[in-house]
Amino acid sequence: MKEQKNSDIHLRPRFRIELDENHEQLLEKFKSNLKKGDCKYCSKIVDGHIVIDVPEVESHFWSPQLNVEIEEIEENKSIVKGLVGPKPQVWTLFMFIHFGVAVGFIGFLILWYVRWTFEKSTVFPMVMTIFFPLLWILLYFLGRVGKDTGNKQIEELHDFLIQTLEKK
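Cut-offs applied
- Residues numbered from 1 in each chain as written.
- Predicted model: local features only at pLDDT ≥ 70, side-chain atom pairs only at ≥ 80, totals over all residues.
- Heavy atoms only, no water.
- Helix = DSSP H or I, 4+ residues; strand = E, 2+ residues; numbered from the N terminus.
- Buried < 20%, exposed > 50% of the residue type's maximum accessible area, 1.4 Å probe, protein only.
- Phe/Tyr/Trp six-rings, centres within 6.5 Å; stacked < 30°, edge-to-face > 60°.
- pLDDT = per-residue confidence, 0-100.
- Polar contact = N/O pair within 3.5 Å; in protein donor to acceptor, adjacent residues only side chain to side chain.
- Contact = heavy atoms within 4.5 Å.
- Core = buried A, V, L, I, M, F, W, Y, C linked by side-chain atoms within 4.5 Å.

## Points about the environment of K77
At step 1: Its place among the elements puts K77 in strand β6 (residues 77-86).
At step 2: Judged by relative accessible area, K77 falls into the partly exposed class, the value being 31%.
At step 3: Expressed as a C-alpha distance, the spacing of K77 and N22, which sit 55 residues apart in the sequence, is 5.9 Å.

Okay, structure coming up:
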């Protein structure tokens, strides 16, 4: 098993694992492991895509979700691609706020230019144009705090994935 991870800077870490096993065997491992009575994780399996959530009792706003995709590259070779991130609702809210900040930044930048062109007061648009990048930085650090808050659960989900893949 050979695992590749992307940088820890990313808010939604990705990884790739190459395995010398058939696509169907890997899916069966997941199905059997997730349906066992002692498995605490909630999951959905659709074709080669598996979504694993933390238990509802341990879940909080920043709880991660593990998305796993199993691709067959040869007869007995497969790639398991994983993406760990917040639940889709949290990620959508986060991206919506980022979009709003971007639109606000561009809008106030245009307003600053227009007021400067007409030789009017540019103080408010200038302050807002400086404020929005600072807000972006704050959002990034909030995302990092959220990731750090769910870090223990991220490790648990990754360990569960590795245990499932190493199962004979």
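Still more ground to cover, so stick around.
## Description of the packing of aromatic side chains
At step 1: This model, assessed by the stated rule, comprises 9 aromatic pairs.
At step 2: Summarising the aromatic geometry, the rings of Y140 and F141 are spaced 5.5 Å apart at their centres and angled 75° between planes, so their arrangement reads as edge-to-face.
At step 3: Members of the aromatic cluster, joined through ring pairs, are F108, F124, F131 and F132.

## Some thoughts on the confidence of the model for the chain
At step 1: A residue-level look at the chain finds 94% of positions with pLDDT of 70 or above and a mean pLDDT of 88.
At step 2: Ranking the helices and strands of the chain by mean pLDDT puts helix α2 (residues 88-117) first, with 95, and strand β1 (residues 2-5) last, with 72.

## Concerning the side chain of Q65
At step 1: Checked against the element boundaries, Q65 lands in strand β5 (residues 64-74).
At step 2: A polar contact is formed between the side chain of Q65 and the side chain of D53, at a distance of 2.8 Å.
At step 3: Excluding residues that lie within four positions of it along the chain, Q65 makes contacts with V51, I52, D53, L83, V84, G85, P86, K87, P88 and L157.

## Side note on the nonpolar core
At step 1: In this structure, F30, V80 and L161 are the most contacted members of the largest nonpolar core, which totals 23 residues.
At step 2: Elements supplying a minimum of two residues to this core: β2 (14-19), α1 (23-35), β4 (49-53), β5, β6 and α4 (151-166).
At step 3: The dominant element in this core, judged by the number of residues it contributes, is α4, at 6 residues.
At step 4: Ignoring anything within four residues of it in the chain, the contact list for F30 reads I45, I50, I52, V68, I70, L161, T164 and L165.
At step 5: Counting 6 residues, the second-largest nonpolar core is a separate cluster that includes V101, M128, F132 and L139.

## What about the environment of D47?
At step 1: By the element assignment, D47 lies in the loop between β3 (42-46) and β4.
At step 2: Remark: the alpha-carbon pair of D47 and I73, spanning 26 residues in sequence, is separated by 16 Å.

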